[in-house]
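Below are the chains, spelled out letter by letter.
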Amino acid sequence: MTKVLVLYYSSYGHIETMASAVAQGVQDVGATAAIRRVPELVPETVASKSGYKVDQQAPVASVAELADYDAIIIGTPTRFGNMAAQMKNFLDQTGGLWFEDRLVGKVGSVFTSTGSQHGGQETTIQSTHTVLLHLGMIVVGLPYSFKGQMRMDEITGCSPYGASTLADDGDGGDRQPSANELEGARFQGRHVAEITIRLATGRLSEAA
């Protein structure tokens, strides 16, 4: 059974919601999806005062378990066009896995959330791709076969680099992922799982 890890960090719940949609897409094609989050670095008192979503249900991941999966799909909000510090801190601890080539040949993919339409969605995903490539992973995005990313009738996230959502409604209020953005996340989950299954099947054929 192909195993896919959806690994995320979410401050206010937007990425958490997207992670559930990604996992649903993985399961739609018969693969196993595990949802894990990285540890919070912000003190609990500060997180509560800032309105962080502190009741997230996903278990906290360990670095060692990354090697147990065939694919890893990372979800992180944008911080000045880059991944959140919590995710970077977690990935910075993968040196042991890197040294032993434990993630080489596994599939990697990224989705994100930004506060505005041009808030760094693509640079956040691409800069995270850089880490995946250093770990030897096969990077997969969100192809244009997901036609929702070309919609012009509404403001929407998603790009060929990966699914994304916009967290601000334009008036400083909270905006939740739209139906189109969630479908992009599900599509990405399916797409990653399908490619991972095909790779595994090919490797089994070569070994036979």
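You'll find the protein chain entered in an unreviewed UniProt entry as NAD(P)H dehydrogenase (quinone), with Shinella granuli given as the organism.

Trainee: Where do I start with the UniProt feature "binding site: FMN" (unreviewed entry) in the protein chain in this structure?
Mentor: With numbering matched to this structure, UniProt assigns "binding site: FMN" (unreviewed entry) to Ser-10, Ser-11, Tyr-12, Gly-13, His-14, Ile-15, Thr-78, Arg-79, Phe-80 and His-134. Taking the farthest pair of C-alpha atoms as the criterion, the annotated set spanning 125 residues is dispersed, since that pair is 29.4 Å apart. With respect to the helices and strands, the residue Phe-80 is situated in the loop between β3 (71-79) and β4 (82-83). Judged by its relative accessible area of 91%, Phe-80 falls in the exposed class. Within the secondary structure, His-134 sits in helix α5 (residues 121-134).

Trainee: I would appreciate a short explanation of the UniProt feature "binding site: substrate" (unreviewed entry) in the protein chain in the present structure.
Mentor: When the UniProt feature table is mapped onto this chain numbering, "binding site: substrate" (unreviewed entry) sits at Trp-98. Contact partners of Trp-98, with chain neighbours within four places excluded, come to His-134 and Leu-135.

Trainee: Looking at this structure, how should I read the pattern of salt bridges?
Mentor: When the charged atoms of two side chains lie near each other, side chains of opposite charge can form a pair. In this structure the tally under the stated criterion is 11 salt bridges. As a salt-bridge pair, Asp-153 and Arg-151 come within 2.8 Å of each other at their nearest N and O atoms. With relative accessibility at 32%, the residue Arg-151 sits in the partly exposed group. Between Glu-183 and Arg-190 there is a salt bridge whose closest N-O contact spans 2.9 Å. On the accessibility criterion, Glu-183 (27% relative accessible area) is partly exposed.

Trainee: Is there a simple way to think about helix α1 (residues 14-28) in this case?
Mentor: Since there are 3.6 residues in each turn of an α-helix, residues three or four apart along the chain are aligned in direction. Between its terminal C-alpha atoms α1 stretches 22 Å, which fits the 21 Å expected from 15 residues at 1.5 Å a residue. Where α1 is concerned, the buried positions are His-14, Ile-15, Glu-16, Met-18, Ala-19, Ala-21, Val-22, Ala-23, Gly-25 and Val-26.

Trainee: For this particular structure, what's the right way to read the environment of Gly-81?
Mentor: In this structure, Gly-81 sits in the loop between β3 and β4. In this structure, the C-alpha to C-alpha distance between Gly-81 and Glu-122, residues 41 residues apart in sequence, is 7.9 Å. Setting aside its immediate chain neighbours within four residues, Gly-81 contacts Gly-119, Gly-120, Thr-123, Thr-124 and Ser-127.

Trainee: What should I look at first to understand unusual backbone geometry in this one?
Mentor: Where the residue is not glycine, phi is negative for most of them; where a peptide bond is considered, it is trans in most cases. At Phe-80, a position not held by glycine, the phi torsion is positive, near 55°. Located in the positive-phi region is Cys-158, a residue other than glycine, with phi close to 85°. Judged by its relative accessible area of 9%, Cys-158 is buried.

Trainee: Any chance you could explain the pairing of strand β1 (residues 3-8) here in plain terms?
Mentor: Each regular strand shows side chains that alternate between the opposite faces of the sheet. Counted residue by residue, β1 has five buried out of six residues, so it is predominantly covered. Bridge count between β1 and strand β2 (residues 32-37): six bridges; the pairing is parallel. From the neighbouring strand, Tyr-8 faces β2, where its bridge partner is Arg-37. Where the polypeptide runs from β1 across α1 and back to β2, its parallel neighbour, the crossover connection is right-handed. Strand direction decides the pairing type here: β1 and β3, joined by five bridges, are parallel. In the sheet register, Leu-7 faces β3, and the bridge partner there is Ile-74.

Trainee: Would you mind going over the nonpolar core with me for this structure?
Mentor: In a soluble, globular protein the nonpolar side chains are often hidden away together inside. Among the nonpolar cores identified, the biggest contains 28 residues, and Val-26, Ile-73, Phe-111 and Ala-163 are the most heavily contacted of them. Considering each element in turn, this core owes the most residues, seven residues, to α1. Sequence-distant contacts of Phe-111, defined by excluding residues within four places in its chain, comprise Val-6, Ile-15, Met-18, Ala-19, Val-22, Ile-73, Ile-74, Gly-75, Thr-76, Ala-163 and Gln-188. Tyr-9, Ala-67, Val-131 and Leu-132 belong to the second largest nonpolar core, which has 27 residues in total.

Trainee: Before we go on, may I ask you to explain the packing of aromatic side chains in this structure?
Mentor: When we look at a pair of aromatic rings, we describe it by the centre distance and by the angle of the planes. Counted by the stated rule, this structure contains two aromatic pairs. Pairing Phe-146 with Phe-187 gives two aromatic rings, centres 5.6 Å apart and planes at 50°, and the pair type is tilted. Highlighted residues: Phe-146 in the loop between β6 (138-139) and β7 (164-166) and Phe-187 in helix α6 (residues 179-207), separated in sequence by 41 residues. Residue classification places Phe-187 among the buried positions, given a relative accessible area of 17%. One cation-aromatic arrangement involves Lys-3 over Tyr-69; the distance from NZ or CZ to the ring centre is 5.3 Å.

Reading the values: rules and limits
Residues numbered from 1 in each chain as written. Predicted model: local features only at pLDDT ≥ 70, side-chain atom pairs only at ≥ 80, totals over all residues. Heavy atoms only, no water. UniProt positions renumbered as here; feature names shortened; annotations may be inferred. Helix = DSSP H or I, 4+ residues; strand = E, 2+ residues; numbered from the N terminus. Buried < 20%, exposed > 50% of the residue type's maximum accessible area, 1.4 Å probe, protein only. Contact = heavy atoms within 4.5 Å. Salt bridge = Lys/Arg side-chain N within 4 Å of Asp/Glu carboxyl O. Expected span 1.5 Å × (residues − 1). Pairing = 2+ DSSP bridges. Right-handed = clockwise from strand over helix to strand, strands pointing away. Core = buried A, V, L, I, M, F, W, Y, C linked by side-chain atoms within 4.5 Å. Phe/Tyr/Trp six-rings, centres within 6.5 Å; stacked < 30°, edge-to-face > 60°. Lys NZ or Arg CZ within 6 Å of the ring centre and 35° of its normal.

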